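# Results of the structural survey
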Amino acid sequence: MKRLLDWLDHRTGYRDLMHEALNEPIPGGAKWRYVWGSTLTFTFFVQVITGFCLWMAYSPSATTAWESVYFIQHQMVFGWVVRGIHHFAAQAMMILLILHLMQVVIDGAYRAPREVNFWLGLVLMQIVMFLGLTGYLLPWDQKGYYATRVATEIMGSAPFVGPWIQQLVQGGPSYGNHTLTRFFALHAGVLPALLVMFLGLHIYVFRRHALHAIKNEGEEDGVFWPDQILKDGVACLAVLAAIMGATLYWHGAELTAPANPAEAYSAARPEWYYLFLFKFLQFEFVSQWGEATHLGEALGAIVIPGVLFTILALMPITAYFKWGHRFNVAYLWSVLGIAGVLTGMAYYEDWYADTPEGRDFRQAVEEAHRDGARTVALAESKTGIPPSGAALLLANDPLTQGPKIFEQYCLSCHQTESRFDDFSEAPQAPGLADPHIRDQIDFGSRDWIRSVLTDFGGHFAALANIEGNRGEAAEAILEGSMKDWSDSNAETLTAPENADDYEALVEFLYTQSQRPDALSPESEVVLRGMEIFTTGELTNGSVDACVDCHSMHPVVVDPTGLSDRWILADEALSEDLQPVLTGYGGTEWVLQMVADPQAHYAGEYGNNAMPGFADQMTHQELEMVSKWLAEDFYVVPAGEETESH
Amino acid sequence: MTETHSPDATEQANPPRRNFLVKFVAVLVGGVITAVPLVFGGGFILNPLLKKKSSDEDSDGFTFIGSTNSLLPGGPPRSYKVTGAKQDAWTTYSETAIGAVYLKMDEDRSVTAFNASCPHLGCTVNYKSDANAFICPCHDSSFSLDGERSNEIPPRGLDTLNVEVRNDNEIWVKFENFRAGTAEKIPV
Ligand code: FES
């Protein structure tokens, strides 16, 4: 062994090198305040390891970026851990950079002969900030997409060359495949290579001038190895523990819904270390000055930060003047202080302030979480992610899209009690569902059916608020034959001896909707319900038969077994009568009702008080809202929910 | 520049026991902080070996290929594309080409199926009617019509696949791929 090492030393001189590296003297001994540079180098090492791993699983294109990150996060061994470490180590790096900078400035370590190294450090800081910026976009989720768009718009606002720079960075006039390929090449190739280069120089120059020691009276001198190395190692361990802790606590980094330019995202915020700038740009005086100087956005976003940074870079020169060092320290504290206050303000306004903006932000964040979790649930379902990408999963999901359409077209008439306060007008129709509570549908539920059967007048009371030419029809409905039926039969239906029969009738109707919790058309209860629907004969007394007024073509189990859905029986119980009850409360029934209620509900001469939406909604919208109201959407089977954030 | 270069100063200042302890702890800490990212990164990279393939099939694995009417009893083999659902990392393809098979009908109307990929190194073999044999374009492996190899280039004959004729004339094949370059037929 010894001979082998001798041989190696003879050929390489590694012992001198090691000696040089390890026996660096430290006047005044090892100190905790010197650890920042080492922790930064260590964190960078962590980023390289995890970054290479992620690289092996990541695919930069608009239809595969989110998808591959989803796969990393939810399917791969240690995927969420590796991604979480990479994410939180990036945050740690920013914090350590600030601490390192503070230590250097406060100790005066930036002064001659170390000016160049100070500048090298500032270049490194810029590189790390750009690494953060480029990395934020790569998952191609709503959060990263919209936040990064703000950053590239800022680049576009730069005087003269701005628009060109923006196009170069984006790889075209708008975001797409080439934005990702470029950001990825920058993030995983160009910027790390620059970082390694500058870090090498930084360490070389640092060694050349030796450590800027702070030696107090009576302190013994020390050596780098092992005293300082141990301190560095312990500090790195603490950083690693913090990164791992954050990773485990938040179950890795967040992945919101896939980026969708057609879907607004009102919680777009940059990463926290750019938040001060974000807040600064929101001040009115900043835009006013921008206007006055004809620089626009660029003033607050580029010129002012540029000036502040230049003052920082000039510190070694400022220090030559009397009071120069004190000025520098004061300057650093005030810039950091102001940035800290701005960050705090932005944070408070978003997360705690009881303002409309704050509430909007928090709601948007909540929706982004929800949509992200929903996309993951859909991706993990049998359908999986189609080759066209995961954004389509959400765009074609009734549970996600239905409530939005309902809110836009339907809610103002069909107000639920939970939303009365949102409208000045009284409701004109029964509430069906609250888009804010989207997995609870009142319409077509068993309670709904009971209420229509035994309290028709009360159930549709809101119709009385309809005015104008549809008012007459509404009045006619409220005084019509179903109202009479309900009034005269309610007592019989709800009689205790008929409890089972009443339930059976409700179940029969409910089964027609094919909702997930509906009983099979072959079950005894449903068959009994069909009998009552046809004859009106109950255990005790009778009601007027439903088939006398309603078309009904009941569902049966598909005899060929090809379809999971039930199909219509060979024969109808009754035909050509309105309101049609075939498939009542199911997707097709709702779709017909929303598209053309006159035809579906009332027939040519009947009373209909609802406007048709066939001309207002696209077919896709009709389908989404109908499927939502009919509970015809994918539900994660109980016990299969995966952990989300 | 500080020129107080005296590496032995601390050696003397610190008792050797303490110095050894410091060195030991320093190395230990260094080991831990290096190991943690490497372990997680290593597991991540080994994903293909650690993650079992999900057996998503609740079907029997057979795929519909074509009709018996497209084959002549005792006639030449014909090539068919196999399409099916495929899971490729994050993407689910509902209908995509997953391979090719040769189907051949004997005089007694029994159907034989071969995976069209060459057991040598995986090229797709051709049926040459003039030679009345399967010949691989890559390194000239050749196979007789019953799939036996007729030269020494491939390590084994063409891989047969299970066939079922359903509903009178539908040919269903259980499509599988096998490892190339081995004498045995090992499914992948
Ligand atoms: S791959 Fe077919 S002969 Fe080599």
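The name given to chain B in an unreviewed UniProt entry is Cytochrome b6-f complex iron-sulfur subunit, with Thalassoglobus neptunius as the source organism.

Chain A appears in an unreviewed UniProt entry as Menaquinol-cytochrome c reductase cytochrome b subunit from Thalassoglobus neptunius.

### Side note on the overall build of chain B
Counting secondary structure elements, chain B contains 3 helices and 10 strands. Starting at the N terminus and ending at the C terminus, chain B contains elements arranged as α-α-α-β-β-β-β-β-β-β-β-β-β. By the burial criterion, 32% of the 188 residues in chain B qualify as buried. When contacts within chain B are restricted to residue pairs at least 6 apart in sequence, those whose partners lie at least 24 apart make up 45%. Of the roughly 11400 Å² of accessible surface on chain B, 54% is carried by carbon and sulfur atoms.

### What to know about the interface of chain B and chain A
Tallying the contact residues gives 36 residues for chain B and 50 residues for chain A. Interface of chain B and chain A: buried area, both sides summed, is about 3500 Å²; carbon and sulfur atoms make up 77% of it. Of all residues in chain B, B:Phe40, B:Phe44 and B:Trp90 bury the most surface against chain A, accounting for 25% of the area lost on that side. Our count for the contact surface shared by chain B and chain A stands at 0 salt bridges. Connecting chain B to chain A are 3 residue pairs in polar contact (both at pLDDT 80 or more). Mapped by element, the contributors of at least two residues to the side of chain B that touches chain A are helix H1 (8-13), helix H2 (16-45), helix H3 (47-50) and strand E3 (91-105) of chain B. The leading source of residues in the side of chain B that touches chain A is H2(B), at 19 residues.

### Examining the UniProt feature "domain: Cytochrome c" (unreviewed entry) in chain A
According to UniProt, the feature "domain: Cytochrome c" (unreviewed entry) maps to residues 397-513 and 524-633 of chain A in the numbering used here. Along residues 397-513 of chain A one finds 53% helix and 0% strand; the C-alpha atoms at either end are 19 Å apart.

### So, helix H23 (residues 499-511) of chain A
Residue and element names in this part refer to chain A. Its 13 residues place the ends of H23 18 Å apart at the C-alpha level, agreeing with the 18 Å of an ideal helix rising 1.5 Å per residue. For H23, the tally of buried residues reaches 10 of 13 residues, placing the bulk of the element in the interior. Listed as buried for H23 are Asp 501, Tyr 502, Ala 504, Leu 505, Val 506, Glu 507, Phe 508, Leu 509, Tyr 510 and Thr 511. Taken together, the buried residues of H23 touch helix H19 (446-454), helix H22 (481-494), helix H24 (524-535) and strand E3 (555-556).

### Overview of the layout of surface pockets
Residue and element names in this part refer to chain A. For the second largest pocket, the calculated volume is near 1600 Å³. Together, 48 residues line the second largest pocket, and Met 129, Tyr 274, Phe 276, Leu 277 and Pro 305 are the ones closest to its centre. In terms of residue class, the lining of the second largest pocket is made up of 38 nonpolar, 7 polar and 3 charged.

### Thoughts on the sheet that holds strand E1 (residues 62-67) of chain B
Residues and elements named next belong to chain B. Taken in spatial order, the 3 strands line up as E1-E10-E9 in an open sheet, and their pairing is antiparallel. In this open sheet, the two strands that pair with only one neighbour each are E1 and strand E9 (163-166). If you compare each strand with its neighbour and ignore which way they point, the axes differ by 30 degrees on average. Note that E1 and strand E10 (residues 170-174) share 5 bridges and pair antiparallel. Paired with Phe 64 across the strands is Trp 172, a residue of E10.

### Regarding the domain arrangement of chain B
According to the domain assignment, chain B contains domain 1 (9-50) and domain 2 (63-174). Between domain 1 of chain B and domain 2 of chain B, the C-alpha centre-to-centre distance is 57 Å.

Definitions and cut-offs
All residue numbers here refer to positions counted from 1 along the written sequence of the relevant chain. Just so you know, chain letters begin at A and ligand numbers begin at 1, following the order they were written in. Given that the model is predicted, a residue must reach a pLDDT of at least 70 before its local features are reported, and side-chain atom pairs must reach 80 or more before they are shown or counted; all residues, however, enter totals for whole chains, interfaces and linings. Hydrogens and water molecules were not included; the side-chain quantities draw on all heavy atoms of the structure. Secondary structure is summarised from DSSP: a helix means a run of H or I of at least four residues, a strand means a run of E of at least two, and numbering begins at the N terminus for each. The buried label applies to any residue whose accessible area, calculated with a 1.4 Å probe on protein chains only, is under 20% of its type's maximum; exposed applies above 50%, and partly exposed to all values in between. By definition, residues are in contact when any of their heavy atoms lie within 4.5 Å. Surface exposure here means Shrake-Rupley accessible area, sampled with a 1.4 Å probe, where a residue is shielded only by the protein chains that are shown. Take the accessible area each of two parts loses on contact, using a 1.4 Å probe, and add the two losses: that sum is the buried area. Any carboxyl oxygen of Asp or Glu within 4 Å of a side-chain nitrogen of Lys or Arg constitutes a salt bridge here. Counting of polar contacts relies on pairs of N or O atoms within 3.5 Å, with two restrictions inside protein: one atom must be capable of donating a hydrogen and the other of accepting it, and residues adjacent in sequence are counted only when both atoms are side-chain atoms. UniProt positions are given in the numbering used here, feature names are shortened, and annotations may be inferred rather than shown by experiment. Every helix has an expected span of 1.5 Å times one less than the residues it contains. With a 1 Å grid laid over protein atoms only, a set of points is called a cavity when a 1.4 Å probe fits there but cannot get out and a pocket when it is open yet has protein on both sides within 12 Å along at least five of seven lines; lining residues have an atom within 4 Å of a point. Grid points are joined across faces, edges and corners, and a volume is the space filled by probe spheres set on the points. In this classification, Asp, Glu, Lys and Arg are treated as charged, Ala, Val, Leu, Ile, Met, Phe, Trp, Tyr, Cys and Pro as nonpolar, and every other residue, Gly included, as polar. Only when DSSP finds a minimum of two bridges between them are two strands counted as paired. Note on geometry: axes are lines fitted to C-alpha atoms, helical ones only across the stretch in contact, with angles between N-to-C directions running from 0 to 180 degrees. Delimitation of the domains relies on an automatic or database domain assignment.

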